[in-house]
Amino acid sequence: MAHMTVAVSEGVFRRSFDLLQRNLVFEKADSASFGSFTAGYDVKAHLEGGSVDLRADGTIRVKELDLRWDRLRFTLGLNIPELCVGGGCIDMPWPIPDICLPRVCIFSGDPDISISPDLAAFVAQEVSFTARLVVRYFDAALPLPSPDLCAPLRVEPPPAHNQWHIHIDPETIDVDLFDFPDIVGDLIEDALTDAVKALIPGGWVRDLILAIIGSVADLIRTLLDIPDEIEEWLSDLFNVSFGLLDSIGTVILDFFSRCNPLYRMDDPLEIMPASNGLIAVRIPVRNLSASVNDVEMVVQADVGA
């Protein structure tokens, strides 16, 4: 049996990786209730840039991929306890009619207010990971798993014939925490304050209600249980409560490690196309392996009968 060795330079490897990672799109939506408020998100992101370094220990270091948000819409709804002022009557002696005070109720909705700002312009994150190459054999005769978790991530449809697939298999993935600048906290607090004030009638009713509830900003912070900065609260909500970072890491892992090979090789491999009425010449490929060093990727296989 003959042996085949193919070497791919680090530069070509980088370009192949860049072409693949450009197709990764992360899209997800979720919502949850947290007592007096509801929160949700609807996001879409892709990867750009970054550097790829082949290392002598057989690993691949991918650094500082930019996670660019095409959409980072955050929805927040507040359910404020209903508040009523006025009402009741003062009994007056006949023939003077009773004096009845007007009754005004606010915050009767569920939720009372809802805002949906798009925070994409304010958030920048980076992704880095260390990976090794892994080789998998795709047997076209076998059915795809059900459910097919790769369906939304697959760049190309599954092949109709047997192939060897060379994947990048991340060992560790680091995604920067959501870090919202001060302007985002101010933007959301201002939007919530304006929405609450819009529900309060003007004149003596507003003065009385504001005297009862105090500062609108303090009311909002109490309902959201925010001790300090809204941007810190937002970061905790995205990073911990929604677990969005874990979801991003899982998508990146599945995209590269399971769903989209960096390189493919047909089995059998065509070495001479059909021509002049003669059939194509193909040879079987066995025991394919792939590794990297600090200058190139090396693919080896046994070929022939």
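Read on for an overview of the structure. (Residues numbered from 1 in each chain as written. Predicted model: local features only at pLDDT ≥ 70, side-chain atom pairs only at ≥ 80, totals over all residues. Heavy atoms only, no water.)

**Some words on the packing of helix α2 (residues 182-198) against helix α4 (residues 216-224)**
Moving on, step 1. Contact pair α2 / α4: the axes reach a minimum separation of 10 Å and the direction vectors enclose 110 degrees. It follows from the interaxial angle that α2 and α4 lie roughly perpendicular. Here α2 contributes Glu189, Leu192, Thr193, Val196 and Lys197 to the contact with α4, which in turn contributes Val216, Ala217, Ile220, Arg221 and Leu224.
Moving on, step 2. Class assignment for the residues of the contact of α2 with α4 results in 6 nonpolar, 1 polar and 3 charged. (Axes fitted to C-alpha atoms, helices over the stretch in contact; angles between N-to-C directions. Helix = DSSP H or I, 4+ residues; strand = E, 2+ residues; numbered from the N terminus. Parallel < 35°, antiparallel > 145°, perpendicular 65-115°, else oblique. Contact = heavy atoms within 4.5 Å. Nonpolar A, V, L, I, M, F, W, Y, C, P; charged D, E, K, R; others polar.)

**Let's talk about the layout of surface pockets**
Moving on, step 1. Here the largest pocket is characterised by a volume of approximately 450 Å³.
Moving on, step 2. Taken together, 23 residues line the largest pocket, and the ones lying closest to its centre are Phe138, Leu144, Pro145, Arg154 and Arg258.
Moving on, step 3. Listing elements by their share of the lining of the largest pocket, those giving two or more residues are β11 (125-138), β12 (163-175) and α6 (244-259).
Moving on, step 4. Top contributing element to the lining of the largest pocket by residue count: β11, with 3 residues.
Moving on, step 5. The residue inventory of the lining of the largest pocket, partitioned by class, reads 14 nonpolar, 2 polar and 7 charged.
Moving on, step 6. A volume near 200 Å³ is recorded for the second largest pocket.
Moving on, step 7. Lining the second largest pocket are Val25, Phe26, Glu27, Lys28, Leu149, Pro152, Leu153, Ser247, Val251, Asp254 and Arg258.
Moving on, step 8. Where the lining of the second largest pocket is concerned, the elements lending two or more residues are β2 (25-33) and α6. (1 Å grid on protein atoms, 1.4 Å probe; cavity = no way out; pocket = protein on both sides within 12 Å on 5 of 7 lines; lining within 4 Å. Points joined across faces, edges and corners; volume = space filled by probe spheres on them.)

**Some points on the packing of aromatic side chains**
Moving on, step 1. One pass over the full model with this rule turns up 18 aromatic pairs.
Moving on, step 2. Their ring planes at 35 degrees and their centres at 5.7 Å tell us that Trp69 and Phe178 sit as a pair that is tilted. Remark: Phe178 occurs in the loop between β12 and α2 and Trp69 occurs in strand β5 (residues 60-78); sequence separation between them is 109 residues. As far as burial versus exposure is concerned, Trp69 and Phe178 are alike and both buried. (Phe/Tyr/Trp six-rings, centres within 6.5 Å; stacked < 30°, edge-to-face > 60°. Buried < 20%, exposed > 50% of the residue type's maximum accessible area, 1.4 Å probe, protein only.)

**Some remarks on the environment of Asp246**
Moving on, step 1. Topologically, Asp246 is positioned in helix α6.
Moving on, step 2. Each C-alpha atom of the pair Asp246 and Ile271 lies 44 Å from the other, and the pair is 25 residues apart in sequence.

**Points about unusual backbone geometry**
Moving on, step 1. Cis geometry is adopted by the peptide bond preceding Pro147, which originates at Ser146 and carries an omega value of 0 degrees.
Moving on, step 2. Tracing the chain through its elements places Pro147 in the loop between β11 and β12.
Moving on, step 3. Of note, the bond from Asp267 into Pro268 is cis; its omega dihedral lies within 30 degrees of zero at 5 degrees.
Moving on, step 4. Within the secondary structure layout, Pro268 lies in the loop between β13 (263-266) and β14 (269-272).
Moving on, step 5. Phi is positive for Glu64, which is not a glycine, with a value near 55 degrees.
Moving on, step 6. On the secondary structure map, Glu64 appears in strand β5.
Moving on, step 7. The backbone of Asn287 shows a phi angle near 55 degrees, a positive value even though the residue is not glycine.

**Regarding the pattern of salt bridges**
Moving on, step 1. Summed over the entire model, instances satisfying the criterion amount to 14 salt bridges.
Moving on, step 2. Arg71 is the partner of Asp42 in a salt bridge, and the nearest nitrogen-oxygen pair spans 3.3 Å. Taken together, the positions of Asp42 in strand β3 (residues 37-48) and Arg71 in strand β5 put the pair 29 residues apart, joining distant regions of the chain.
Moving on, step 3. In this structure Asp42 comes out as partly exposed when scored by relative accessible area, which is 28%.
Moving on, step 4. The class for Arg71 is buried, based on a relative accessible area of 18%.
Moving on, step 5. With a closest N to O distance of 3.6 Å, Glu156 and Arg264 form a salt bridge. Pair noted here: Glu156 is in the loop between β11 and β12 and Arg264 is in strand β13, with a separation of 108 residues, a long-range link.
Moving on, step 6. Look at Arg264 and you get partly exposed, because its relative accessible area is 33%.
Moving on, step 7. By sharing partners, the salt bridges in this structure join Glu27, Asp42, Arg71 and Arg73 into a single network. (Salt bridge = Lys/Arg side-chain N within 4 Å of Asp/Glu carboxyl O.)

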